Amino acid sequence: MTSHKTAQTMKPATAAKKLGVYLEATPTAFQEGVVSRTELNALQADPPEWLQELRRNGPHPRPVVAAKLGVSISGLARGGITEALTTEQIEALKQQAPDWLQQERATQAEVRKEAVRIKEKNAARADRSDDQRS
């Protein structure tokens, strides 16, 4: 009995998400086809010009925009940003530093600080329980 190994494929939206690009900005052939795991790995290892250009100048999907601005995706929505932005638009927002962006950055900093505190607390708790078992 022989088993035929089929290539694992994904929808273009999934592949675009994994590549960190905005699907609507990708070439039509990419949007209308399916992407195999091998093709995705090849795109990541040796990105074609269109992919390099999208990563460099956008438009970028919201998770990338949020990361570049140092805020959460929810923070983007609270700030009224619901669409993909280009690198130029992101830089302009950073320069303008609107109130909502400053507040969301501060919120994100607090969230990160709290995550570190909790991680350290859990590590200390794990160390104590390891010591008690010894």
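Details of the structure are given in the entry above.
Remember, predicted model here, so these are calculated numbers, not experimental data.

A. Quick peek at the side chain of serine 36. As for its position among the elements, serine 36 is in strand β2 (residues 35–36). Residue contacts for serine 36: discarding those within four places in its chain leaves Gln8 and Thr9.

B. Region of the structure containing the nonpolar core. Formed by Met10, Ala15, Ala16, Leu19, Val21, Phe30, Val35, Leu40, Leu43, Leu51 and Leu54, the largest nonpolar core amounts to 11 residues. Going through the elements one at a time, α1 (12–19), α3 (37–45) and α4 (49–57) are the ones with two or more residues in this core. No other element matches α1, which puts three residues into this core. When sequence neighbours within four positions are dropped, the list of residues in contact with valine 35 reads Gln8, Thr9, Met10, Ala15, Phe30 and Leu40. Of all hydrophobic cores here, the second largest spans 10 residues; its members include Leu69, Val71, Ile90 and Leu93.

C. Here's a closer look at the layout of surface pockets. If you add up the space inside the largest pocket, you get close to 280 Å³. Residue lining of the largest pocket: 16 residues in total, with Lys17, Val21, Pro61, Arg62 and Pro63 positioned closest to the centre. Of all the elements in the fold, those that place two or more residues in the lining of the largest pocket are α1 and α5 (62–69). Residue composition of the lining of the largest pocket, by class: 10 nonpolar, two polar and four charged.

D. Structural context of the pattern of salt bridges. Considering all chains together, one arrives at six salt bridges under this definition. In this structure, arginine 56 and glutamate 49 form a salt bridge, with 3.4 Å as the shortest nitrogen-oxygen distance. Assessed through its relative accessible area of 52%, glutamate 49 is described here as exposed.

E. Summary view of the side chain of glutamate 104. With respect to the helices, strands and loops of the structure, glutamate 104 is situated in helix α8 (residues 99–133). Accessibility expressed as a relative area gives 10% for glutamate 104, which makes it buried. In this view, glutamate 104 contacts Val71, Gly75 and Arg78; residues no more than four positions away in its chain are not counted.

How each quantity is defined
Residues numbered from 1 in each chain as written. Predicted model: local features only at pLDDT ≥ 70, side-chain atom pairs only at ≥ 80, totals over all residues. Heavy atoms only, no water. Helix = DSSP H or I, 4+ residues; strand = E, 2+ residues; numbered from the N terminus. Contact = heavy atoms within 4.5 Å. Core = buried A, V, L, I, M, F, W, Y, C linked by side-chain atoms within 4.5 Å. Buried < 20%, exposed > 50% of the residue type's maximum accessible area, 1.4 Å probe, protein only. 1 Å grid on protein atoms, 1.4 Å probe; cavity = no way out; pocket = protein on both sides within 12 Å on 5 of 7 lines; lining within 4 Å. Points joined across faces, edges and corners; volume = space filled by probe spheres on them. Nonpolar A, V, L, I, M, F, W, Y, C, P; charged D, E, K, R; others polar. Salt bridge = Lys/Arg side-chain N within 4 Å of Asp/Glu carboxyl O.

So yeah, pure geometry; function would need other evidence.
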